[in-house]
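If you want the building blocks of each chain, they are given just below.
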Amino acid sequence: MKFELTILGAGSAVPTLQRNSTAQVLNVLERYFLIDCAEATQHQLRRFRIPYNRINHIFISHLHGDHYFGLMGLLSSLSLQGRKGELHLYADPRLQQMIESQLKIMNTRLGYPLRFHPLTRNEEVIFEDKVMTVTSFPLLHRYDAPVCGFLFKEKERSRTIRKDMADAWQVPVAFMQHLKAGADFVTPEGKVIPNRMLTVAPPPSRSYAYMTDTLFRERFAEYVRGADLLYHEATYGRELEAVAKENYHSTAEQAARLAVLAGAGRLLLGHFSARYPDPSCLLPEARAVFPETYICTDGDVYDIPLQKRSGVFPAG
């Protein structure tokens, strides 16, 4: 029952030899969602063995290059490889204009339908199916590039029927859906059989929140309340808080404060400035506020909410 995050790029505007700029893939029960698409993202998809032809939904947080410069190349490669299925793109409406202009200049077209879904400055559900929802919400970055965060959340699953107990109490097939919804069963003799005797509760629904390129504001915690895993940009350390404010970014400490306010399960820091060859130096200031904080690196894979693929979350 996968709910799995792969980090394709943990850096900010300038990629380094250790870090690509921002991109991630979330796998929810074999549904693949690409979150931001920096330069060379398609290389990272290959490097980390993501089946990118199975990506059907792409979410672009805002129109700064380190979050979308890799998109046109990826769209072109998918077309060259014969993709036919629809691809859904959720982004600032200006991105549609840019892509259409580039295709026109190149005198070409994609071999598959590209469906645009414009993001607004409102909190709203932008994707929903029988398994999950995706909600976008406004953050605060430079005014030339309105930025959205995203909350990916599983829907609550039905209870699982205990066949042995249902058979023992001769529950009619027609009543099974009511059992799954939590109803008690009443026998023909009027005896009430509690639902908990006939079913097993489903595991809790899981959630992942993505917040990048934003000033710290306490009110933003409400958008991601209770997220099992929260990714929050930490472009700078506390010693550069003035620079962070000037550039509309957050520090590691501010990211940790947001995680506390939101009641998040765990916090991933990313979007590191190139001035930090080893961003682990940011970890102590964040953990002093929110102990369950971790540094993400390119290629990390996290099973949400319980563990890193290796078995445990990293120590640092």
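Residues numbered from 1 in each chain as written. Predicted model: local features only at pLDDT ≥ 70, side-chain atom pairs only at ≥ 80, totals over all residues. Heavy atoms only, no water.

### What about the overall build of the protein?
Working step 1: Across its full length, the protein carries nine helices and 19 strands.
Working step 2: Each of the three principal axes of the protein carries a C-alpha extent, and together these read 75 × 55 × 35 Å.
Working step 3: For the protein, contacts bridging at least 24 residues in sequence account for 64% of all contacts bridging at least 6.
Working step 4: When the accessible surface of the protein is summed, it comes to about 14,900 Å², and 52% of that surface belongs to carbon and sulfur atoms.
Working step 5: Averaging the positions of the 37 positive and the 34 negative side-chain charges in the protein gives two centres separated by 5 Å. (Helix = DSSP H or I, 4+ residues; strand = E, 2+ residues; numbered from the N terminus. Contact = heavy atoms within 4.5 Å. Areas by Shrake-Rupley, 256 points an atom, 1.4 Å probe, with all protein chains shown as cover. Lys, Arg positive; Asp, Glu negative; His and termini not counted. Charge placed at Lys NZ, Arg CZ, Asp CG, Glu CD.)

### Section: the pairing of strand β8 (residues 132-138)
Working step 1: Summarising burial for β8: seven of the seven residues are buried, a large majority.
Working step 2: With burial as the criterion, each face of β8 is covered, one bearing Met 132, Val 134, Ser 136 and Pro 138 and the other bearing Thr 133, Thr 135 and Phe 137.
Working step 3: Bridge analysis of strand β7 (residues 124-128) against β8 gives four bridges, and the strand direction is antiparallel. Looking at the pairing, Glu 124 lines up with Ser 136 of β8.
Working step 4: Where β7 folds back on β8, the antiparallel hairpin that results is connected by three residues.
Working step 5: As judged from the seven bridges shared by β8 and strand β9 (residues 148-154), these two strands associate in the antiparallel manner. Considered in β9, the bridge of Met 132 is made with Glu 154. (Buried < 20%, exposed > 50% of the residue type's maximum accessible area, 1.4 Å probe, protein only. Pairing = 2+ DSSP bridges.)

### Remarks on empty space enclosed by the protein
Working step 1: Taken as a whole and judged by the stated rule, the model has one cavity of 30 Å³ or more.
Working step 2: The space that makes up the largest cavity amounts to roughly 40 Å³.
Working step 3: Forming the walls of the largest cavity are Leu 89, Ala 91, Asp 92, Pro 93, Gln 96, Phe 116, His 117 and Pro 118.
Working step 4: Elements with a minimum of two residues in the lining of the largest cavity: β5 (87-91) and β6 (114-118).
Working step 5: Per-element tally for the lining of the largest cavity: the top contributor is β6, with three residues. (1 Å grid on protein atoms, 1.4 Å probe; cavity = no way out; pocket = protein on both sides within 12 Å on 5 of 7 lines; lining within 4 Å. Points joined across faces, edges and corners; volume = space filled by probe spheres on them.)

### Quick word on the packing of aromatic side chains
Working step 1: In total, this model carries 14 aromatic pairs according to the counting rule given.
Working step 2: Summarising the aromatic geometry, the rings of Phe 33 and Phe 59 are spaced 6.1 Å apart at their centres and angled 40° between planes, so their arrangement reads as tilted. With Phe 33 in strand β3 (residues 31-37) and Phe 59 in strand β4 (residues 55-59), this residue pair connects regions lying 26 residues apart in the sequence.
Working step 3: Given the relative accessible area of 0%, Phe 59 is considered buried.
Working step 4: An aromatic cluster of three or more residues is present, and its members are Phe 33, Phe 59, Tyr 90, Phe 127, Phe 150, Phe 152, Tyr 208, Tyr 210 and Tyr 231. (Phe/Tyr/Trp six-rings, centres within 6.5 Å; stacked < 30°, edge-to-face > 60°.)

### Looking at helix α3 (residues 94-105)
Working step 1: Relative to the 16 Å expected for 12 residues at 1.5 Å per residue, α3 spans 17 Å between its end C-alpha atoms, a close match to the ideal helical length.
Working step 2: Three or more residues of α3 are buried, namely Leu 95, Ile 99 and Leu 103. Seen end-on, α3 carries its buried residues on one side only, within an arc spanning 70°. Pointing more than 90 degrees away from the buried face of α3 are the exposed residues Gln 97, Lys 104 and Ile 105. (Expected span 1.5 Å × (residues − 1). Arc of directions from axis to C-beta.)

### Side note on the environment of Asp 129
Working step 1: Following the sequence through the fold, Asp 129 ends up in the loop between β7 and β8.
Working step 2: It is 33 Å that separates the C-alpha atoms of Asp 129 and Phe 272, two residues lying 143 residues apart in sequence.
Working step 3: If we ignore the near neighbours within four places in the chain, the residues touching Asp 129 are Arg 31 and Lys 155.
Working step 4: Only 2.8 Å separates the side chain of Asp 129 from the backbone nitrogen of Val 131, close enough to count as a polar contact.
Working step 5: Within the local environment of Asp 129, its side chain forms a polar contact with the backbone nitrogen of Met 132, the two atoms lying 2.9 Å apart. (Polar contact = N/O pair within 3.5 Å; in protein donor to acceptor, adjacent residues only side chain to side chain.)

### A word on the pattern of salt bridges
Working step 1: The tally for this structure, following the rule as stated, stands at 13 salt bridges.
Working step 2: Where Arg 157 meets Glu 154, a salt bridge forms, and the shortest distance between an N and an O atom there is 3.7 Å.
Working step 3: Taking the relative accessible area as the measure of exposure, Glu 154 reaches 5% and is therefore buried.
Working step 4: Among the ionic pairs, Asp 164 bridges to Arg 162, the shortest N-O distance being 3.8 Å.
Working step 5: The class for Asp 164 is partly exposed, based on a relative accessible area of 48%.
Working step 6: Of the residues examined, Arg 162 reaches a relative accessible area of 32% and is grouped as partly exposed.
Working step 7: Through salt bridges with shared partners, a single ionic network connects Lys 2, Glu 30 and Arg 54. (Salt bridge = Lys/Arg side-chain N within 4 Å of Asp/Glu carboxyl O.)

What is shown is where atoms sit, not what they do.
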